[in-house]
Amino acid sequence: MLKETGWNLDYSYTRLPETFYTRTNPTPVQSPKLIKLNESLATSLGLNPESLKSEDMVSVFAGNDIPKGASPLAQAYAGHQFGHPNMLGDGRAVLLGEQLAPNDERFDIQLKGSGRTPYSRGGDGRAALGPMLREYIISEAMHALRIPTTRSLAVVSTGELIQRETALPGAILTRVAASHLRVGTFEYAARYTEKEELKALADYTIKRHYPHIEGVEKPYLLLLKEVAMRQAKLISQWQLVGFIHGVMNTDNMTISGETIDYGPCAFMNEYDPSTVFSSIDRQGRYAYGNQPNIGGWNLARFAETLLPLIHDNQDEAVKMAQDEITNYINQYQRNWIEGMRAKLGIFNAEEEDKSLVEDLLNMMQKHRGDFTNTFRSLTYEEYGEHALFNSTEFSEWSDKWKARRKRQNQSNDDSQQLMKDSNPAVIPRNHRVEEALEAAGKGDYTVLERLVQVLSNPFDHDNIQEEYCKLPESTNIPYQTFCGT
Ligand code: AMP
Ligand code: MG
């Protein structure tokens, strides 16, 4: 059975000092049912999708059974939540194991919503079906948008109700990640363990994610640099598609550079840097326009944990770490402008490109242009009725943009192709996601299946996608997302 399914689980994490985890099994559930299976992801992990649908394997996804030889664990971590330090840890998740894929890559297989652990604090260790399906839809959409992210292998319903504001159907998501190492894991090490343990964690991280810096001079400073560069890339990619994470606490920032923790996240419609969807983010700490800064703030927390490893002299260490935070900001800017050039069909770099982009964004904000659809309209130069495109300032801007596109060697066709490849036709629009979840709540999964399918090829620009580009009928009611997942 095991061979047939393809599980090939390892536990490198348990070679870390014991303070970093607690072995614990998931809590069984009443009557699990497979709701969604990601067959292509399964195949790429070396798992057999047909076998994963069997009753035995659904039992594994539900936590009722564990594969032979498996030894699940919950990870310890801390973090800054909305700026305040807390002890956290996997309070409703266990690492089933690390799957060694056919390409020799290692992936964490985690059950989320699998019951209480020693890190649950007051929580029930459970998750509701709606939010787990939401994570499935959005994380897979992010992957299709070529943005590094944890992925979703399966969702099972538990047959049990969980108590939130109302009673909701419970579910467990099987999450796949390069690892679950977070900035918060390092904060845990720095705050609650000795230097030796911190060093073991840093060495483990380097081996797992940045093997090319193993054994070089100043490896821990380089670790900071590498993580900063991955975040500079990741957050620029978020900005370029209008993704708002919503809860960029340090425990929700990975060391691998993958997007993690799809709680109150959502995509922006009308362009406005102050956009916030999360009901608990009242100060706008995690607003769209603030994400790059928060990335820097979180990296500074990461840097602090590494100081004792970076240099024996604290002042020296601080100076070196600060340089890396500055590098992050500069690299983020470079990534962002590069991405924006591509969105406008520009291959080469000119000094004034930044103001060209800023002028466009300012117009979008003023005329409430939809972020995704504005770039889509520019891609086809099909402008329709929208006030933005019928303004004088737009026609002046458009002349400048056209002239700019001529100042490169590539043809207009190449330029348009670049735009098609850089501007998604479809994103997981909030009303579409809600519609799919509402139908799912009534037992109809066809709407969700269709949405997941459409979102799997966001750069196809085909007719089927047309319908999914439309905005909701009424945008008067502000969309709100909730953390209480
Ligand atoms: P999150 O908001 O998902 O990033 O979670 C923050 C912390 O709360 C983590 O330590 C989670 O494990 C924990 N947590 C969230 N929901 C629950 C729950 N229902 N039961 C126990 N712990 C939870
Ligand atoms: Mg989290």
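Because the structure is a prediction, the values reported are computed rather than measured. (Residues numbered from 1 in each chain as written. Chains lettered and ligands numbered in written order. Predicted model: local features only at pLDDT ≥ 70, side-chain atom pairs only at ≥ 80, totals over all residues. Heavy atoms only, no water.)

### Here we look at the overall build of the protein chain
Move 1: Along the protein chain, the regular secondary structure elements total 17 helices and 13 strands.
Move 2: Relative to a compact globule of 485 residues, whose C-alpha radius of gyration would be 23 Å, the protein chain shows 23 Å and is just as compact.
Move 3: Each of the 485 residues in the protein chain was classed as buried or not, and the buried ones make up 58%.
Move 4: Accessible surface for the protein chain amounts to roughly 20,800 Å². Of this, 47% is attributable to carbon and sulfur atoms.
Move 5: Computing the positive centroid from 51 side-chain charges and the negative centroid from 65, the protein chain places the two 1 Å apart. (Helix = DSSP H or I, 4+ residues; strand = E, 2+ residues; numbered from the N terminus. Rg over C-alpha atoms; globule rule 2.2 N^0.38 Å. Buried < 20%, exposed > 50% of the residue type's maximum accessible area, 1.4 Å probe, protein only. Areas by Shrake-Rupley, 256 points an atom, 1.4 Å probe, with all protein chains shown as cover. Lys, Arg positive; Asp, Glu negative; His and termini not counted. Charge placed at Lys NZ, Arg CZ, Asp CG, Glu CD.)

### Re the packing of aromatic side chains
Move 1: Summed over the entire model, instances satisfying the criterion amount to 19 aromatic pairs.
Move 2: Taken together, a centroid distance of 5.4 Å and an interplanar angle of 65 degrees make the contact between F243 and F267 edge-to-face. With F243 in strand 12 (residues 243–244) and F267 in strand 13 (residues 266–267), this pair connects stretches of sequence that are 24 residues apart.
Move 3: Taking relative accessible area as the criterion, F243 reaches 0% and is therefore assigned buried.
Move 4: An aromatic cluster of at least three residues, connected via ring pairs, comprises Y383, F389, F394, W397 and W401.
Move 5: The positively charged end of R146 is found above the aromatic ring belonging to F459, 4.0 Å away from the centroid.
Move 6: In this structure, R432 is placed above the aromatic ring of Y468, and the distance from its NZ or CZ to the ring centre is 4.3 Å. (Phe/Tyr/Trp six-rings, centres within 6.5 Å; stacked < 30°, edge-to-face > 60°. Lys NZ or Arg CZ within 6 Å of the ring centre and 35° of its normal.)

### A short note on the pairing of strand 7 (residues 93–100)
Move 1: In terms of burial, strand 7 is a largely internal element, seven of the eight residues being buried.
Move 2: Across two bridges, strand 1 (residues 9–10) lies against strand 7 in antiparallel orientation. By the bridge assignment for strand 7, L9 is matched with Q99.
Move 3: Of the strand pairs in this sheet, strand 7 and strand 8 (residues 106–112) are connected by seven bridges, and their pairing is antiparallel. Within strand 8, the residue paired with V94 across the bridge is L111.
Move 4: Turn length for the strand 7-strand 8 hairpin, with the two strands adjacent in sequence and antiparallel, is five residues, and the turn residue D104 shows positive phi of about 75 degrees. (Pairing = 2+ DSSP bridges.)

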